[in-house]
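Remarks on the overall topology
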Amino acid sequence: MLIRELGGFEQTWALMDEFVPVLFVGVLHLSDGPAPDALRRALDALQSALPLLRVSITDNNGSQYFALSDNPRPIPLDIVKRTSAEQWREIAEIELNTAIDTAVEPLVRCKYLNGARKSDLVITVHHTIIDSRSGTMLIHRILELCDESGSGNSEGAAAGEQTIASPMEALFPRRLTGMRRIFPVAAFLARQAALEVRYRIRLGNRQVTHAETASRCRTLSIELPREDTAKLVRRSRNHGMPLNSLLHAAMLQSVAKRRYGSQSLLMRGISFADMRPYLESPPEAEALGVYISMLPYTVEMAPEIDFWWLAGEIGQQIYLATKHDDKFIAPQMSKYLVRMLIARHSMRLGMIALSYVGPVALHETYGRTKVDGLSGFVSNNVLGPELAAFGALLHGRLKMDFLYHERDMGAAEASEIAEDVRTTLVSVANEKDQVAT
């Protein structure tokens, strides 16, 4: 049964998925994880409650629609014996590089690495039905249901079936709907065209592009301890800057140093903004869906550039984009940008991209199960940035999960970049202490 046409940003991910897999892969690291049968019951209960876990994508007269199944296949759950602490990373990389067949429901699959004390739950979801915010909420619901299932009551948390939320553009302010959006969109396109011409001229051929699109996604992660994380958060507040800007600046400086030899050049990054606070009648916090905007920024990079100036410049550009209508217009234009990227293969979205979700609302324990950590990865490809990251605060610790492609760099270079980011953030966090001594 057709239920609704894909929205603009959902179409963007569906279009890109025809080119390379477009997925969100979340990994829960657990102690005393749920029994496999409790996890199976939890997934079944959640699938009954959330209709987007029962849909496929189908073409109807040239347009793509979500199609709801009355008798859906259960969410695939593979139980795997956990043999090492890093086994999950190998599984996650396989998942990132393995497409989901969108013509068949559900658009999600799970692998459970089950050990005697430690376990890892790998959840792979097609990006047309989820963003980082709803992804973390989905994980919370699974853990809640596992706890209730283990105690013999899994109906409470899954009671009350949700409806499928409207596409993002249907919730935009009225001034950006229908014919009223012509002038704002035209102004946006004119500004972006001027910025693009300047960026392309200044960048020249210094960024590597790839004619061949096949490339394996690889991953690595860094984590700051609670003490350094708390100091970093305080430093960002004292400077009046969001932590997101500091993470962008650290990534951009590291890529500039390792990939561009600290040249003086224009560099572009991408921030993914949560759009739910800006929508009229925003979806419920637990609603699955894609409610994000891709906000690019461009900054002058040089070897002697000050970190705090860089973070401030990035933060100001992101702030202006979120305060103006650009955040609404960018998602509507993204599918045309993706079509151009796929057709030309002569340009890339930027150098870095970061999806930072802030504090994650996961409890430290669910019954007897303890949440040791969370890793997250959003698919990237060779037309995207050279380094992508998912960042979150969990139980007082900052975690950044990086994604890169083998065609861009090897494991050694990627590790150097990630270590640069970690070193920069720790140094910034402890600046005051260092000056005092």
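A brief look at the structure comes next. (Residues numbered from 1 in each chain as written. Predicted model: local features only at pLDDT ≥ 70, side-chain atom pairs only at ≥ 80, totals over all residues. Heavy atoms only, no water.)

**Brief notes about the sheet that holds strand β3 (residues 55-60)**
In spatial order, the strands read β1-β4-β3; together these three strands make up an open sheet with antiparallel pairing. Whereas interior strands pair on both sides, the edge strands pair on one side only; in this sheet they are β1 (2-5) and β3. With direction set aside, neighbouring strand axes in the sheet form an average angle of 35°. Sheet analysis places β3 next to strand β4 (residues 63-68), joined by six bridges and oriented antiparallel. Counted as the bridge partner of T58 is Y65 from β4. (Pairing = 2+ DSSP bridges. Helix = DSSP H or I, 4+ residues; strand = E, 2+ residues; numbered from the N terminus. Axes fitted to C-alpha atoms, helices over the stretch in contact; angles between N-to-C directions.)

**Section: the pattern of salt bridges**
Once their charged atoms are close, side chains differing in charge can pair, the charge on each being opposite to the other. As enumerated under the stated definition, the model contains 31 salt bridges in all. E95 is paired through a salt bridge with K111; the nearest N and O atoms lie 2.9 Å apart. Placement of E95 in helix α3 (residues 87-96) and of K111 in strand β6 (residues 108-114) is noted, with a sequence separation of 16 residues between them. Neither E95 nor K111 differs from the other in exposure class; each is buried. K118 serves as the salt-bridge partner of D372, at 3.2 Å between the closest nitrogen and oxygen. Placement of D372 in strand β13 (residues 369-378) and of K118 in strand β7 (residues 118-126) is noted, with a sequence separation of 254 residues between them. Judged by its relative accessible area of 22%, D372 falls in the partly exposed class. Under the relative-accessibility criterion, K118 is labelled partly exposed at 38%. Taken together, the shared-partner salt bridges connect D78, E95, R109 and K111 into one network. (Salt bridge = Lys/Arg side-chain N within 4 Å of Asp/Glu carboxyl O. Buried < 20%, exposed > 50% of the residue type's maximum accessible area, 1.4 Å probe, protein only.)

**With respect to the packing of helix α6 (residues 226-238) against helix α10 (residues 411-429)**
At a closest axis distance of 8 Å, the pairing of α6 and α10 adopts a crossing angle of 70°. It follows from the interaxial angle that α6 and α10 lie roughly perpendicular. In terms of crossing hand, the pair formed by α6 and α10 is left-handed. In this structure, α6 uses D228, K231, L232 and R235 to contact α10, whose residues at the interface are L425, V426, V428 and A429. Taken together, the residues of the contact of α6 with α10 break down into five nonpolar, no polar and three charged. (Parallel < 35°, antiparallel > 145°, perpendicular 65-115°, else oblique. Left-handed = near helix turned anticlockwise from the far one by under 90°. Contact = heavy atoms within 4.5 Å. Nonpolar A, V, L, I, M, F, W, Y, C, P; charged D, E, K, R; others polar.)

**Some words on the sheet that holds strand β11 (residues 352-359)**
Read from one edge of the open sheet, six strands run β8-β15-β14-β11-β9-β10, paired in mixed fashion. The open sheet has two edge strands, β8 (217-224) and β10 (292-301), and neither has a second partner. Taken over all neighbouring pairs, the strand axes of this sheet differ in orientation by 20° on average, direction set aside. Sheet analysis places β11 next to strand β14 (residues 387-394), joined by six bridges and oriented parallel. Each residue of the ladder has a partner; that of S355, found in β14, is F390.

**Observations regarding α3**
Burial runs high along α3: eight of the ten residues are buried. Residues of α3 that are buried include every one of Q87, W88, R89, I91, A92, E93, E95 and L96, and no others.

**Side note on the packing of aromatic side chains**
One pass over the full model with this rule turns up five aromatic pairs. The interplanar angle of 85° and the centroid separation of 5.6 Å between the aromatic rings of F307 and W308 together place this pair among those described as edge-to-face. The burial state of F307 is the same as that of W308; both residues are buried. (Phe/Tyr/Trp six-rings, centres within 6.5 Å; stacked < 30°, edge-to-face > 60°.)

**Some words on the pairing of β14**
Counting buried residues along β14, eight of its eight residues qualify, which places the element largely inside the surrounding structure. Every second residue of β14 is oriented toward a common face, with L387, A389, G391 and L393 on one face and A388, F390, A392 and L394 on the other, all of them buried. Pairing analysis gives seven bridges linking β14 to strand β15 (residues 397-405), with the strands arranged antiparallel. Directly across from L394, in β15, lies its bridge partner R397. The hairpin formed by β14 and β15 contains two residues between the paired strands, and H395 there has a positive phi angle of roughly 55°.

**A short note on empty space enclosed by the protein**
Applying the stated criterion across every chain, the model contains five cavities of 30 Å³ or more. Here the largest cavity is characterised by a volume of approximately 330 Å³. Along its surface, the largest cavity is lined by 28 residues, and W13, F272, V378, S379 and N380 are the ones closest to its centre. Counting only elements with at least two residues in the lining of the largest cavity, the list comes to α1 (8-17), β9 (265-274), β11, β13, β14 and β15. It is α1 that contributes the most residues to the lining of the largest cavity, four residues altogether. (1 Å grid on protein atoms, 1.4 Å probe; cavity = no way out; pocket = protein on both sides within 12 Å on 5 of 7 lines; lining within 4 Å. Points joined across faces, edges and corners; volume = space filled by probe spheres on them.)

**Quick notes on the pairing of strand β2 (residues 23-31)**
Most of β2 is tucked away, with nine of its nine residues classed as buried. Along β2, one buried face is formed by L23, V25, V27, H29 and S31 and the opposite face, lined by F24, G26, L28 and L30, is buried too. As defined by bridge partners, β2 adjoins β7 across nine bridges and the pair is classed as antiparallel. Pairing of F24 across the sheet is with V125, part of β7.

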